[in-house]
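The lines below spell out each chain.
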Amino acid sequence: MSDQNAGKLNRLLAELGDTRLISSRWLRAHSYSNSLVARYVGSGWLVSPARGVYMRKGGRLQWEGVVRSLQTGEGVALHIGGRFALALQGHEHYLRLGDAGAIALYGPDRPPGWVGKLPLKERFEFKGKGLFDLTVPQFTAEVSEKTLSEQGLTWHRASSSADALVCSTPERAVLELCDAVSGAVLVYEVDALMQAMTTLRPQRVGLLLRHCRSIKAKRLFLALAERHRHAWLAHVPLDGVDLGRGKRALVPGGRLHPTYLITLPGDLDEHLA
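Note that residues are indexed from 1 along each chain, following the sequence as it is written. Only residues with pLDDT of at least 70 get local features here, since the model is predicted, and only at 80 or more are side-chain atom pairs given and counted; chain-wide, interface and lining totals rely on the full set of residues. Excluded from the side-chain calculation are hydrogens and water; included are all heavy atoms of the structure.

> Help me get a handle on the packing of helix α8 (residues 184–195) against helix α10 (residues 215–227), residues and values and all.
Between N-to-C directions, angles span 0 to 180 degrees; the directions come from axes that are lines fitted to C-alpha atoms, helices contributing only their stretch in contact. Numbering of helices and strands runs from the N terminus; a helix is a DSSP stretch of H or I covering at least four residues, while a strand is a stretch of E covering at least two. Close contact between α8 and α10 brings their axes to 9 Å; oriented N to C, the two are set at 55°. Judged on the interaxial angle alone, α10 and α8 are oblique. Crossing handedness for the pair α8 and α10: right-handed. In this structure, α8 uses Val190, Asp191 and Met194 to contact α10, whose residues at the interface are Phe221, Leu224, Ala225 and Arg227. Class assignment for the residues of the contact of α8 with α10 results in five nonpolar, no polar and two charged. Working rule for angles: under 35 degrees goes down as roughly parallel, over 145 as roughly antiparallel, 65 to 115 as roughly perpendicular, anything else as oblique. Note on convention: the crossing is left-handed when the near helix lies turned anticlockwise from the far helix by less than a right angle, right-handed when the turn is clockwise. By definition, residues are in contact when any of their heavy atoms lie within 4.5 Å. Residue polarity is assigned by list, with Asp, Glu, Lys and Arg as charged and Ala, Val, Leu, Ile, Met, Phe, Trp, Tyr, Cys and Pro as nonpolar; anything else, Gly included, falls into the polar class.

Next comes the structure, spelled out in structure tokens:
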């Protein structure tokens, strides 16, 4: 192998590390020809866990590495949100057993096809652009915590050795979960979760409410926060928050919340842990 090709291989292996994946598109964009990649595979340097994507031989295929690869390697603007983001940040006790396993990805960019073909026990669910009219930054390694915070996002590291991933803050994740509510069972879940949300940041809540397009999510969020009498709710700036007009029948035959005009199950108290 020439010194030039050896240098390219070393740079590629350093880029990959133990858990990262790199697509054929990335390789072409960085001047790794198909024949050179085939040579790396044939020589045992690379393996292909799914068509169109590669990783270092002996590397670990993990969902965290997949998300990290998408965010900071492939430049795909997707973040972890909703139920899975809340579970990551320690709220799994309040989520229905078994339902936090699907990794919810939000953003304007659809995941590449190879993501769904990887041999992982976890599965990814693409939720689309989501419910906020906020400009999504590129999730490069250099993006600042302040820039992410302005979108209701944050870097999250599950452990000191794990990669940092962009995910929704609890304020944004709860609103994303509220938007997914379609019946009484999910209302019970969000209500139990909201009971534990004692430390939400009112300014961030206000920002997200102003930029949230889902009337249902906003009304349900506020109704449940009021129900649990959270101290932070009194400090949420509601100027400019569009709550729509008229009544919203979230639960047929439910009890209408007098302030936010959304129906909630009449037996909520019976379902609290």
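> Any details on the pattern of salt bridges? Residues and values, ideally.
Salt bridge, as used here, is a side-chain nitrogen of Lys or Arg placed within 4 Å of a carboxyl oxygen of Asp or Glu. Here the structure, examined in full by the defined rule, presents ten salt bridges. Linking Glu176 and Arg172 is a salt bridge whose minimum nitrogen-to-oxygen distance equals 3.2 Å. Linking Glu176 with Arg172, this pair stays in helix α7 (residues 170–179), spanning four residues, or about one helical turn. What makes Glu176 buried here is its relative accessible area of 2%. Partly exposed residues are those whose accessible area sits between 20% and 50% of the maximum for their type, while under 20% is buried and over 50% is exposed, using a 1.4 Å probe and protein chains only. Classification of Arg172 as buried rests on a relative accessible area of 5%. Here Arg227 and Asp191 are joined by a salt bridge, their closest N and O atoms 2.8 Å apart. Linking Arg227 in helix α10 with Asp191 in helix α8, this pair joins segments that are 36 residues apart in sequence. For Arg227, a relative accessible area of 23% translates into the label partly exposed. What emerges from the salt-bridge pattern is a single network uniting Arg123, Glu125 and Lys127.

Read these as layout, nothing more, since geometry by itself doesn't imply function.
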